[in-house]
Amino acid sequence: MPFLNVVDPEFDFTGPEALAAQDDGWYADSPLGPLVLRHAEAQELLRDRRLDHGGDDYLRRNGVTSGPIHDWWVPMIVNRDGADHRRLRGLVSRSFTPRTVEQLRPFIRSTAEALASGIAGSPETEFVEAFSDRLPLAVMSELLGVPPADHDIFSVWSSDIGLIFALAAGGDAKERVERALTGLDAYIDTLIDEKTKNPAGDLVSRMVAAWRDEETVTRSELRNLLVTLVFGAHDNTRHQISNALVTFAEHPAQWTLLHDRPDLADRAVTETMRWRPSAASVFRRATTSFSFQGLSIDAGSFVTMAVQTAQRDPRAYPGGRSFDITAVREAPLLQFGAGPHYCLGSALASAQLSEMLPVLTRRFGPPVITGEVNWRPAIGTHGPDNLPLRLTHWSSSGV
C-alpha cells in the first residue's frame, strides 16, 4: 500500500504521487488512516451506514475535549443520524428551499456585477479580498438578514471556522476556530432575539418562526444550526470561487471558450468544482469493524475520501485528468457528500458560480496570476488565502 503524507504542507491531492497511487489501487495509507483515491469506492463509502461523521472522536484525536469547538462540533447536524438528523434537517429544509435559491439569483448577479466594476481598471487585484470573499458573504448576509455594517467582522469569523477540518495540520488553527465560534455564537444569539422581535423575510426569521411554532428543536440547537449554515454558506463557497479563477488562469483557452459560449456556464461550474473542489477531502468514522473490498476497517478508525483525487478518476470521468468545460460529466461530485447528509447548500454554491462566471468572462480576458499564492492545507476546506490577479478588459487584454 502506498503512503501519502496528506498533512505535509506541500502535499497535493493531484500531484504525480497521488495520481500514481490511484492508478495502482483504490486506496493508500496516510497519517490519518486509509485514504480513498477512486470515485466508485469513495461514493460507496460515503453512503455506507457503517460510517458516520466522527463526532467527538475527531476532536479527541486532535487534542480537543472541551471548549467552544467541542460544544459546536459534537451536537452539529452532520454528527446526528436517523430520526435526530431528520428532525434538525427538517427545520432548515423547510426554510431553505430551491425557490429561496432561485429568488436570490438576481441579487447574486447584481452583486457580482458591482464587484466586477470595483476591480475593473485596476492593474492588479487581490481577488480573494475584492471578490471571492465578498460575493458569498453578501449572499449569506442577504439570506440570513445580517446588516452590511457587520460584514467585515462576520467575514473573519466565517473564514476562520473553516479551519476546523485542518486541525491535524497544526499551527494556530485551533485558536482561530475557537475565536470564530465564540464570536459567532454571541452574534447569532443576538440575531435570534432580533428576528424574534422584528421578523423579516430572511432565513433566520423563517427558522425562528418555525422553531417557536413547532418547538421541535431547542434554542441551542437552533443557534448551532445557524452557525453551521454560516460556515457552509461562506467559507466553502469563497474558496470554490477562488479555485475556479486559479483553474481558468491555468486554462485560459477555456475562459475564452466560456466568453464565446455563455451557454456553457452550468457545465463550467460542474467542471471547476470537479477539478479543484473546495472540499478537497472528507472523512468518515467506522462505527463497527468491517471489511471493504479487501481492506479491514476497525471500529473507531477514520477513512478519508481524497475528493480532489477521486474527482479526476478516469474510471468515473472519461478524460477526467483534463479540464474541459464542454464535457458532460455524469458521475456525481463527491464534495457535497451523499445520502441523507447531502449538503443543503450545494445549490446555493452552484448558483453563485453560475451567475458570476458569465459576468467575469463577459467583461474580462483570461485571468493571470501575478504573484505568490498562499494556500490552505490540502486536507479539509482547500483554497487560496490570497490570489493576486490581473484581469483586463477584452479590448486591452490582447486576446
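One can find the structure itself at the top, above this paragraph.
Conventions used here
Residue positions are given per chain, counted from 1 along the sequence in the order it is written. Given that this is a predicted model, residues contribute local features only at a pLDDT of at least 70 and side-chain atom pairs are listed and counted only at 80 or more, while totals for whole chains, interfaces and linings are drawn from all residues. The side-chain values count all of the structure's non-hydrogen atoms but skip hydrogen atoms and water molecules. A run of H or I in DSSP becomes a helix once it reaches four residues, and a run of E becomes a strand once it reaches two; helices and strands are each numbered from the N terminus. For this measure, only C-alpha atoms enter the radius of gyration; the expected value for a globule follows 2.2 Å times N^0.38, where N is the number of residues. Under the scheme applied here, a residue whose accessible area is under 20% of the maximum for its type counts as buried, over 50% as exposed, and between as partly exposed, the area being computed with a 1.4 Å probe on protein chains only. In what follows, a contact means two residues having at least one pair of non-hydrogen atoms within 4.5 Å. Pairing between strands requires that DSSP locate at least two bridges from one strand to the other. In this analysis an axis means a line fitted to C-alpha atoms, helices contributing only their contacting stretch, and an angle means the value between N-to-C directions, from 0 to 180 degrees. Salt bridges are defined as contacts in which a side-chain nitrogen from Lys or Arg sits within 4 Å of a carboxyl oxygen from Asp or Glu. Residues adjacent in sequence count toward polar contacts only when both atoms are side-chain atoms; beyond that, a polar contact is any pair of N or O atoms within 3.5 Å, and within protein one must be able to donate a hydrogen and the other to accept it. Grid spacing is 1 Å over the protein atoms alone, the probe is 1.4 Å, and a cavity is where that probe fits but cannot get out, while a pocket is an open set with protein on both sides within 12 Å along at least five of seven lines and lining residues have an atom within 4 Å of a point. Grid points are joined across faces, edges and corners, and a volume is the space filled by probe spheres set on the points. Nonpolar residues are Ala, Val, Leu, Ile, Met, Phe, Trp, Tyr, Cys and Pro. Charged residues are Asp, Glu, Lys and Arg, and all others, Gly as well, are polar. A helix is expected to span 1.5 Å multiplied by its residue count minus one. His is not counted here, nor are the chain ends, while Lys and Arg score as positive and Asp and Glu score as negative. Two aromatic rings from Phe, Tyr or Trp, using only the six-membered ring of Trp, form a pair when their centres are within 6.5 Å; if the ring planes differ by under 30 degrees the pair is stacked, by over 60 it is edge-to-face, and anything between is tilted. We call a charge positioned over a ring when the NZ of a Lys or the CZ of an Arg lies within 6 Å of the ring centre and within 35 degrees of the ring normal.

> With reference to specific residues and values, describe the overall build of the chain.
Counting its secondary structure elements, the chain contains 17 helices and 10 strands. Radius of gyration (C-alpha) of the chain: 21 Å, near the 21 Å computed for a compact globule of 399 residues. Principal-axis analysis of the C-alpha atoms gives the chain an extent of 60 × 60 × 35 Å. Across the 399 residues in the chain, those meeting the buried criterion constitute 56%. Here the analysis covers contacts within the chain between residues at least 6 apart in sequence; of these, 74% occur between residues at least 24 apart.

> How would you explain the sheet that holds strand β1 (residues 27-28) if you had to name every residue and give the values?
With mixed pairing, 5 strands are arranged side by side in an open sheet as β1-β2-β8-β5-β3. Two strands bound the open sheet, and with one partner strand each, they are β1 and β3 (51-52). Two elements, β1 and strand β2 (residues 35-36), share 2 bridges in a ladder whose sense is antiparallel. In the sheet register, Ala28 faces β2, and the bridge partner there is Leu35. Strand contacts of helix α2 (residues 39-46): β2, β3, β5 (282-286) and β8 (302-305), with the helix running at about 130° to β8, the strand carrying the most contacts.

> Please set out the sheet that holds strand β4 (residues 125-126) residue by residue, giving values where relevant.
If you trace the 3 strands from one edge of the open sheet to the other, you get β4-β10-β9, paired in antiparallel fashion. What marks the edges here is a single partner per strand, and that holds for β4 and β9 (368-369). Note that β4 and strand β10 (residues 388-390) share 2 bridges and pair antiparallel. The residue bridging Glu126 from the neighbouring strand is Pro388, located in β10.

> Outline the pattern of salt bridges, listing residues and values.
Inspection of the entire model under this criterion finds 33 salt bridges. Its salt-bridge partner being Arg80, residue Glu221 comes within 3.5 Å of it at the nearest N-O pair. Placement of the pair is Glu221 in helix α12 (residues 219-250) and Arg80 in the loop between α4 (68-73) and α5 (82-95), with a sequence separation of 141 residues. On the basis of relative accessible area, Arg80 is assigned to the buried category, the value being 13%. For the salt bridge of Glu102 with Arg105, the shortest nitrogen-to-oxygen distance reads 3.2 Å. Taken as a pair, Glu102 and Arg105 lie in helix α6 (residues 98-119) at a separation of 3 residues, close to a single helical turn. Looking at Glu102, the relative accessible area reads 47%, which means it is partly exposed. Beyond isolated ion pairs, a larger network of salt bridges with shared partners links Asp133, Asp235, Arg238, Arg376 and Asp385.

> Could you give an account of the side chain of Asp202, naming the residues involved and the relevant values?
Tracing the backbone shows Asp202 in the loop between α10 (173-197) and α11 (203-214). Of note is the side chain of Asp202, whose polar atom sits 2.8 Å from the backbone nitrogen of Ser205. In this structure Asp202 touches Glu142, Leu143, Leu144, Gly145 and Lys195, once residues within four positions along its chain are discounted.

> Provide a residue-level description of the layout of surface pockets, including the pertinent values.
Put simply, the largest pocket is a space of about 1200 Å³. When contributions to the lining of the largest pocket are tallied by element, the ones reaching two or more residues are α3 (55-61), α5, α12, β5, β8 and α16 (346-363). Counting residues per element, the lining of the largest pocket draws most heavily on α12, at 9 residues. Its residues placed into classes, the lining of the largest pocket shows 28 nonpolar, 18 polar and 3 charged. There is about 420 Å³ of room inside the second largest pocket. Pro9, Phe11, Trp375, Arg376 and His382 are, among the 18 residues lining the second largest pocket, the residues nearest its centre.

> So what about α11? Which residues, and what values?
Between its first and last C-alpha atoms α11 spans 16 Å; for 12 residues at 1.5 Å apiece the expected length is 16 Å, and the two agree. Taken residue by residue, α11 has Leu203, Val204, Ser205, Met207, Val208, Ala210 and Trp211 as its buried positions. Looking at the buried side of α11, the elements it contacts are α5, α8 (134-144), α10 and α12. Two to three positions downstream of the cap, the backbone nitrogen of Val204 sits 3.2 Å from a side-chain oxygen, assigning the N-cap of α11 to Asp202. Following α11 by one or two positions, Glu215 adopts a phi angle in the positive range, close to 55°.

> Go over the side chain of Glu41, please, and point to the residues and values.
Note on placement: Glu41 falls in helix α2. This buried residue, Glu41, is left without a salt bridge; Arg38 holds the nearest opposite charge, at 5.2 Å. In contact with Glu41, other than residues within four places in its own chain, are Trp26, Val36, Phe292 and Gln293.

> I'd love a proper account of the pairing of β8, names of residues and values included.
Burial along β8 is two-sided: Phe302 and Thr304 facing one way and Val303 and Met305 facing the other are all buried. Bridging between β2 and β8 involves 2 bridges; their strand directions are parallel. The residue bridging Leu35 from the neighbouring strand is Thr304, located in β8. As paired strands, β5 and β8 are joined by 4 bridges and run antiparallel to one another. Within the sheet, the bridge partner assigned to Arg285 lies in β8 and is Phe302.

> Summarise the packing of aromatic side chains; cite the residues concerned and give the values.
A complete count under the given rule lists 11 aromatic pairs for this structure. Measuring from centroid to centroid gives 6.2 Å for Trp157 and Tyr187, while their planes differ by 65°, and the two rings are edge-to-face. Residue Trp157 is found in helix α9 (residues 151-160), and its partner Tyr187 is found in helix α10; the two are separated by 30 residues along the sequence. The same class applies to Trp157 as to Tyr187, namely buried. Positioned above the aromatic ring of Tyr317 is the side chain of Arg274, whose terminal nitrogen or guanidinium carbon lies 5.3 Å from the ring centre. Taking NZ or CZ as reference, Arg312 lies 3.5 Å from the ring centre of Trp275, over its face.

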